[in-house]
Amino acid sequence: MKDKIIFSINIIRFSSLTAIWTYTGIALYDFYHLPTLLVIIFYSLGYPILVISYILAGHLTDSSGSRNTIIISLFSTSTVLFLGFFLTSGIEGIIILSIQAFLNSLYVTSSSTATGALSSRSVKDLLLSFSRFRAGINLGWVIGPILGGLLYYYVGWEYILLLGSLGNLISIPIAYKLNIKRNTNNSLHRKYFIKPSKYLMEIIIVQFIFAFVGSQVLFGFTVYSTNILKISSLLIGYFISLNSVITALFQEPIGRYMAKLNLSHLNYLYMLGSFAFSMSYLSIFYPGNIVGLTIFIIFISLGEIILNPIILSVSYIISFKYHSKEIGMAMGSTRMAEGLGRAFSTSFTAYLFFIHDYEISFTLLSLVGVIGLIINRVIYNSLKNEVI
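Right, let's walk through the structure included here. All figures in this text were calculated on a predicted structure; none of them were measured in a lab. (Residues numbered from 1 in each chain as written. Predicted model: local features only at pLDDT ≥ 70, side-chain atom pairs only at ≥ 80, totals over all residues. Heavy atoms only, no water.)

Considering all chains together, one arrives at 5 salt bridges under this definition. Linking Arg256 and Glu252 is a salt bridge whose minimum nitrogen-to-oxygen distance equals 3.2 Å. Separated by 4 residues within a single helix, Arg256 and Glu252 lie in helix H11 (residues 233-259), roughly one turn from each other. With a relative accessible area of 40%, Arg256 lands in the partly exposed category. Each of the salt bridges in this network shares a partner with another, and the network as a whole consists of Arg132, Glu252 and Arg256. (Salt bridge = Lys/Arg side-chain N within 4 Å of Asp/Glu carboxyl O. Helix = DSSP H or I, 4+ residues; strand = E, 2+ residues; numbered from the N terminus. Buried < 20%, exposed > 50% of the residue type's maximum accessible area, 1.4 Å probe, protein only.)

Further remarks concern the packing of aromatic side chains. Evaluation of the coordinates by the stated rule reveals 15 aromatic pairs. Seen from their ring centres, Phe31 and Tyr32 are 4.9 Å apart, and the 85° between their planes marks the pair as edge-to-face. Residue classification places Tyr32 among the buried positions, given a relative accessible area of 5%. Between Tyr316 and Phe320 the ring centres are 6.3 Å apart and the planes differ by 20°, which places this aromatic pair in the stacked class. Of the two residues, Tyr316 and Phe320 both sit in helix H13 (residues 290-322), 4 residues apart, roughly one turn of that helix. Chaining the aromatic ring pairs together yields one cluster made of Phe14, Trp21, Tyr107 and Trp141. Its end group placed over the ring of Phe14, Arg13 keeps NZ or CZ at 5.2 Å from the ring centre. (Phe/Tyr/Trp six-rings, centres within 6.5 Å; stacked < 30°, edge-to-face > 60°. Lys NZ or Arg CZ within 6 Å of the ring centre and 35° of its normal.)

A separate point is the packing of helix H2 (residues 36-44) against helix H3 (residues 46-64). When two helices pack together, you describe them by how their axes are tilted relative to each other and by the distance separating the axes. Packing of H2 against H3 leaves a shortest axis separation of 5 Å and a crossing angle of 25°. If you check the angle between H2 and H3, you find them roughly parallel. Where H2 approaches H3, its residues Phe42, Tyr43 and Ser44 are matched on the opposing element by Gly46, Tyr47 and Pro48. In terms of residue class, the contact of H2 with H3 is made up of 4 nonpolar, 2 polar and no charged. (Axes fitted to C-alpha atoms, helices over the stretch in contact; angles between N-to-C directions. Parallel < 35°, antiparallel > 145°, perpendicular 65-115°, else oblique. Contact = heavy atoms within 4.5 Å. Nonpolar A, V, L, I, M, F, W, Y, C, P; charged D, E, K, R; others polar.)

In this section: the nonpolar core. Taken as a class, soluble globular proteins show a tendency for nonpolar side chains to be buried jointly. Within the largest apolar cluster, 62 residues are counted, with the highest numbers of intra-cluster contacts made by Phe221 and Ile310. When residues of this core are assigned to their parent elements, the largest contribution, 14 residues, is made by H13. The contacts of Ile310, once residues within four sequence positions are left out, are Leu127, Met258, Leu266 and Tyr270. Within the second largest apolar cluster, 22 residues are counted, among which are Val80, Ile94, Leu103 and Leu106. (Core = buried A, V, L, I, M, F, W, Y, C linked by side-chain atoms within 4.5 Å.)

As a packed pair, helix H1 (residues 4-30) and helix H7 (residues 157-175) sit with axes 9 Å apart at the nearest point and diverge in direction by 165°. By the criterion of interaxial angle, the relationship of H1 to H7 is roughly antiparallel. With respect to the hand of their crossing, H1 and H7 are arranged in left-handed fashion. Two secondary-structure elements touch here, H1 through Ile5, Ile9, Ile12, Arg13, Ser16, Leu17, Ala19, Ile20, Tyr23, Thr24 and Ala27 and H7 through Trp157, Ile160, Leu161, Leu163, Gly164, Gly167, Asn168, Ile170, Ser171, Ile174 and Ala175. Partitioning the contact of H1 with H7 into residue classes produces 15 nonpolar, 6 polar and 1 charged. (Left-handed = near helix turned anticlockwise from the far one by under 90°.)

That is the geometry; function is a separate question.
Below you can see the structure in the form of structure tokens.
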């Protein structure tokens with residue numbers, strides 16, 4: 001298991017950071033005592049931070065190497081969050097959390113690039129490696145919110161930041177064990193921007209739509225369930241944890257199964273994952289009860305398990321084949337598309353909730369999910385033209 005190092009880092013790092021991300025919204029009001037306007041400004045800053053950070057992340061990965069960029073991101077995040085333990089004013093909190101979000105892009109880009117570099121160029125090897133990559137992250141999502149809830153209740157928000165600092169610090173010695181051959185050609189062709197190929201643009205679109213359709217577990221799911229179905233927030237927390245548990249348990253086994261399939265069967269599996277996303281929204285709308293919520297969580301988890309490693313694998317192979325001298329920037333572009341898809345998804349859902357009732361909103365979102373079925377043609381064309 002040559003990718004066990006990144007798998008281990010993902011478990012430790014995301015166990016500590018998801019504790020922060022889960023309770024950030026509460027902390028902005030209860031700990032930092034920010035007015036609503038500043039909270040809006042904080043979340044609005046996410047868009048430019050996302051774009052700038054991924055551009056820098058791609059450049060740094062190419063110029064310094066993926067291992068060095070991982071270590072830089074871990075050390076910098078640990079330092080910033082440690083300072084956050086002592087800096088408790090509202091403005092200081094916004095700065096600390098914004099910098100942490102910026103540094104997260106460095107890790108996401110460099111670690112996904114490193115995962116591809118540690119694998120062979122075959123689809124089967126990449127599928128298994130990226131399945132393990134995602135399994136580590138989702139194990140972190142199982143552990144982190146629980147740790148964060150205990151810390152927030154018993155000792156307070158600043159100790160959650162301290163946990164995040166320690167999680168990143170502990171991961172640094174593990175990252176030093178990574179043995180990744182650095183592409184010396186990259187240092188001779190340093191660029192700050194990339195001219196994307198046709199194939200890279202296609203996978204960027206796929207990544208954006210995938211993230212857009214699949215990002216309703218935290219916002220849309222929570223708002224709809226509490227306001228329309230009148231489900232308690234405690235039960236909603238269990239449902240969100242169920243999503244992480246399902247993904248963590250079944251990501252690698254299903255990844256192993258996918259690695260055994262031929263390319264034509266892999267295309268049909270992609271269609272199945274897209275269909276699962278589409279139907280997950282309608283499962284809430286029609287049953288309109290706890291059964292619908294359960295089906296939603298199962299379907300959306302299944303979609304993530306199937307689509308994530310496929311899209312990441314195709315992203316890496318396209319980046320390697322068509323942008324080998326700026327592979328970090330190519331991977332950074334696809335990860336930026338995912339981040340923008342998630343961010344835009346929240347804004348779009350909030351807008352739908354504002355202009356329509358919740359039922360219509362989820363019907364519209366299910367139609368957006370159908371786009372995922374159409375977009376699978378892009379993946380099919382990439383396979384057919386032997387991009388991978």
